[in-house]
Amino acid sequence: MKLHVLPISANSHGCLAIIKHLSLESSVTIVNAMGKTRTPEFIAMNPAHCCPTLQFSDDSAIWESSAVMRFLCNKFDEKGELYPREDLEQRGKIDMVLDWRNSTFYPDLFHIVYMMFGVDVDEDMAKQQFKKLMEVHFPMIESSFLNGKKFCYSDTPTIADLSLGPLMTLLKGRKKFWEKVPEGIKEYYERVLEAFPGMMEYVKLLDDKALSYDGPGADAEP
Ligand SMILES: N[C@@H](CCC(=O)N[C@@H](CS)C(=O)NCC(=O)O)C(=O)O
């Protein structure tokens, strides 16, 4: 199997963390797809041309970070450490966080973060999206997903945290927005990174980019 990733991308970080955490390098080869996602070969494998993409030996593939993380855990995480096998209620809560992250949280980051990657974002929308993070999403993460626990619905990290946690790095591209992020969210983010040291070389690429970003919106007030 080959895991095609963009090393700087927060969407790839959770899958990379699983490979490192479960020591899967002999079964899953990590391929840097930077600059290759729009090639005919890549599009033949994944017409959505996105990473992470997991390519099987017959050249078929699955993409979407949550689907790839679930697959890697179903196949290799025999003890259910990162994605429970027996406790279906706990598994359901993790699935909910994964779905919410993709359907709701990640789209609400668009105007706040994508200017770092050369996209023409709307500054008023960035403020509106950040207001929603502050008034709706962060309180829900803290009071419902975490609710006194170290990680989402758990005192040990799962793929829910690998999906959600690494996205916070993106917020550092707008310095004055990041200052306002609640301490509880920042502490949660740090706990996720600390739990997966093998992911750090990849997270650092995005962290460096976000912290050094000085283009449009970098100094905007939230
Ligand atoms: N919902 C997808 C998002 C994946 C995604 O947007 N990947 C981007 C990088 S952040 C990508 O691979 N872009 C390359 C391209 O479109 O050519 C997931 O969770 O995997």
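All chains use their own residue numbering, which begins from 1 and follows the written sequence. With pLDDT at 70 or above as the cut-off, local features in this predicted model cover only qualifying residues; side-chain atom pairs require 80 or more to be listed or tallied, and sums for whole chains, interfaces and linings still use all residues.

Caption draft 1: Spotlight on the domain arrangement of the protein. Domain limits in this description derive from either an automatic procedure or a database domain assignment. Partitioning the protein into domains gives domain 1 (2-76) and domain 2 (88-212). One C-alpha centre belongs to domain 1, the other to domain 2; they are set 21 Å apart. A residue pair is marked as a contact if its C-beta atoms, positioned from the backbone, fall within 7 Å. Between domain 1 and domain 2, the contact holds 16 residues from the first and 17 residues from the second. For the purposes of this entry, the term helix denotes a DSSP run of H or I that reaches at least four residues, the term strand denotes a run of E that reaches at least two, and both are numbered from the N terminus. Elements that contribute at least two residues to the side of domain 1 that touches domain 2 include exactly α1 (10-21) and α3 (65-76). For the side of domain 1 that touches domain 2, the leading source of residues is α1, giving nine residues. Gly is placed with the polar residues, together with every amino acid not listed as nonpolar (Ala, Val, Leu, Ile, Met, Phe, Trp, Tyr, Cys and Pro) or charged (Asp, Glu, Lys and Arg). Tallied by class, the residues present in the side of domain 1 that touches domain 2 amount to eight nonpolar, six polar and two charged.

Caption draft 2: View of the site of the ligand. Close to the ligand lie L6, S9, N11, T37, R38, H49, C50, C51, P52, E64, S65 and N102. Across the shell around the ligand, the residue classes break down as four nonpolar, six polar and two charged. Only the C-beta atom matters for this test: placed from the backbone, it must lie within 6 Å of a molecule or strand for the residue to be near it.

Caption draft 3: Local environment of the sheet that holds strand β3 (residues 53-55). Strand order in the open sheet made by the four strands is β2-β1-β3-β4, with mixed pairing throughout. The open sheet has two edge strands, β2 (29-32) and β4 (61-63), and neither has a second partner. Each adjacent strand pair in this sheet contributes to an overall mean axis angle of 25°, direction not counted. Two strands make a pair as long as DSSP finds a minimum of two bridges between them. Bridge count for strand β1 (residues 2-5) against β2 is four bridges, and the pairing is parallel. Looking at the pairing, K2 lines up with T29 of β2. For helices, the axis comes from a line fit to the C-alpha atoms of the stretch in contact; other axes are also lines fit to C-alpha atoms, and the angle between any two N-to-C directions lies between 0 and 180 degrees. The sheet strands contacting α1 are β1 and β2, and the helix crosses β1 at an angle near 145°. Sitting on the sheet, α3 is in contact with β3 and β4, with an inclination near 120° to β4.

Caption draft 4: A look at the environment of L146. Among the secondary structure elements, L146 is positioned in helix α6 (residues 123-146). Sequence-distant contacts of L146, defined by excluding residues within four places in its chain, comprise I141, C152 and Y188.

Caption draft 5: Seen up close, the packing of α1 against α3. At their nearest, the axes of α1 and α3 sit 9 Å apart, and the two run at 5° to each other. Considered as vectors, α1 and α3 are oriented roughly parallel to each other. Of the residues in α3, those touching α1 at N11, G14, C15 and I18 are S65, V68, M69, L72 and C73. Of the residues that constitute the contact of α1 with α3, the class distribution is six nonpolar, three polar and no charged. Angles are sorted into four bins: roughly parallel if under 35 degrees, roughly antiparallel if over 145, roughly perpendicular if 65 to 115, and oblique for all others.

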